[in-house]
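Here are the chains, one letter per residue:
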Amino acid sequence: QKEVEQDPGPLSVPEGAIVSLNCTYSNSAFQYFMWYRQYSRKGPELLMYTYSSGNKEDGRFTAQVDKSSKYISLFIRDSQPSDSATYLCAMSADSWGKFQFGAGTQVVVTP
Amino acid sequence: GAVVSQHPSRVICKSGTSVKIECRSLDFQATTMFWYRQFPKKSLMLMATSNEGSKATYEQGVEKDKFLINHASLTLSTLTVTSAHPEDSSFYICSARDRGGATEAFFGQGTRLTVV
């Protein structure tokens, strides 16, 4: 069993819809959770960072962490074609160590 | 967010030669840097973790003598692919974390290596 599970998609949504992404994990020691967006042939770009459980909102993006269920989510409101990319979740047990990444979910927002 | 610069963005080299990739943190001190390899439409595969001033820690299955990592300063880490072969062709990405500050990891732009 992988430490971090993420559905690779692709996930296709019409423009303006809400994109819902999630990851599950098995290591209860994870405390730091991140979501990255990666366009083709580019390095990942940090979207959201959350420490421990709770919600965080930044513009059209909302990240949720439920440590009791070992489940994290990313919601993108009012999706745009420019949101079409691969979204990676990442998590770490400490503030300096390596991350575990999900497989990445490919999102396609159609005009 | 913090900026991590990776250079070159693209390189083509002949089999048997060595290639050096640089990763720089521009506005913070990166006590830890990570090197990843990514195959098309696949997630990131961690190759090694480097800490400033000490030897890198390689993941299982990664050849230390082939992928030389140096983290000589708090803002620079290098990955040298030695005696490159076509199967080394891939997208290599570095990321950096600041132990004393932000706990997020920021990524470089990536380097596409093609060995011919």
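Data block above holds the structure.
Just so it is clear, the structure is predicted and the values come from calculations on it, not from any experiment.

Novice: Account for the state of the cysteines, with residues named and values stated.
Specialist: A complete count under the given rule lists 2 disulfides over all chains for this structure. Here A:C23 engages in a disulfide with A:C89; their sulfurs sit 2.0 Å apart. Of note, the bridge from A:C23 to A:C89 carries an S-S torsion of about -105° and is left-handed in sense. Of this pair, A:C23 sits in strand β3 (residues 19–25) while A:C89 sits in strand β9 (residues 85–92), and the two are 66 residues apart along the sequence. Take A:C23: its relative accessible area is 0%, and that puts it in the buried class. Between B:C23 and B:C94 runs a disulfide, and the two sulfur atoms are separated by 2.0 Å. Taking the sign of the S-S torsion, 80° for the link of B:C23 and B:C94, the bridge is right-handed.

Novice: A description of unusual backbone geometry should follow, citing residues and the corresponding values.
Specialist: In the segment running from A:G9 into A:P10, the intervening peptide bond is cis, with an omega of 10°. Along the chain, A:P10 turns up in the loop between β1 (4–6) and β2 (11–14). Residue B:P8 is bonded to the preceding B:H7 through a cis peptide linkage, with omega at 0°. Look at A:S52: it is not a glycine, yet its phi comes out positive at around 60°. Looking at the secondary structure, you find A:S52 in the loop between β5 (45–51) and β6 (54–58). In this structure, B:S83 is a non-glycine residue whose phi angle is positive, near 45°. You can see B:S83 is positioned in the loop between β8 (76–81) and β9 (90–97).

Novice: Can you break down the sheet that holds β6(A) residue by residue, with the values?
Specialist: Residues and elements named next belong to chain A. With respect to topology, 5 strands assemble into an open sheet ordered β1-β3-β8-β7-β6, the strand pairing being antiparallel. Each end of this open sheet is capped by a strand with a single partner; those strands are β1 and β6. The average undirected angle you get between the axes of adjacent strands in this sheet is 15°. Sheet topology places β1 next to β3; 3 bridges connect them, and they run antiparallel. Following the sheet pairing, Q6 is matched in β3 by C23.

Novice: Give me the environment of A:K2: which residues, what numbers.
Specialist: As for its placement among the helices and strands, A:K2 is situated in the segment before β1. Separated by 65 residues in sequence, A:K2 and A:K67 have C-alpha atoms that sit 17 Å apart.

Novice: How would you explain the interface of chain A and chain B if you had to name every residue and give the values?
Specialist: Interfaces are frequently sized by the accessible area removed from exposure as the parts join. Chain A puts 21 residues into the contact, and the matching count from chain B is 21 residues. Both sides together, the interface formed by chain A and chain B hides about 1,800 Å², and carbon and sulfur atoms give 57% of it. Counting every contact that joins chain A to chain B gives 1 salt bridge. Of the charged contacts in the structure, one is a salt bridge between A:K98 and B:E59, with a shortest N-O distance of 3.1 Å. Breaking the side of chain A that touches chain B down by element, the ones donating at least two residues are β4 (32–38), β5 and β9 of chain A. Per-element accounting of the side of chain A that touches chain B gives the leading share, 4 residues, to β4(A).

Novice: Can you lay out the packing of aromatic side chains for me, pointing to particular residues and giving the numbers?
Specialist: For any pair of aromatic rings, the description consists of the separation of the ring centres together with the inter-plane angle of the planes. This model, assessed by the stated rule, comprises 13 aromatic pairs over all chains. For the pair A:F101 and B:F107, a centre-to-centre distance of 5.8 Å together with 70° between the ring planes defines the contact as edge-to-face. Here the residue A:F101 occupies a position in strand β10 (residues 100–101), and B:F107 occupies one in strand β10 (residues 105–107), the pair thus bridging two chains. The burial state of A:F101 is the same as that of B:F107; both residues are buried. Chaining the aromatic ring pairs together yields one cluster made of A:Y36, A:F99, A:F101, B:F34, B:Y36 and B:F107. In this structure, B:R97 packs its charged tip against the face of A:Y32, placed 5.9 Å from the ring centre.

What counts, and at which threshold
- Residues numbered from 1 in each chain as written.
- Chains lettered and ligands numbered in written order.
- Predicted model: local features only at pLDDT ≥ 70, side-chain atom pairs only at ≥ 80, totals over all residues.
- Heavy atoms only, no water.
- Disulfide = S-S within 2.5 Å.
- Helix = DSSP H or I, 4+ residues; strand = E, 2+ residues; numbered from the N terminus.
- Buried < 20%, exposed > 50% of the residue type's maximum accessible area, 1.4 Å probe, protein only.
- Pairing = 2+ DSSP bridges.
- Axes fitted to C-alpha atoms, helices over the stretch in contact; angles between N-to-C directions.
- Contact = heavy atoms within 4.5 Å.
- Buried area = accessible area lost by both parts, 1.4 Å probe.
- Salt bridge = Lys/Arg side-chain N within 4 Å of Asp/Glu carboxyl O.
- Phe/Tyr/Trp six-rings, centres within 6.5 Å; stacked < 30°, edge-to-face > 60°.
- Lys NZ or Arg CZ within 6 Å of the ring centre and 35° of its normal.

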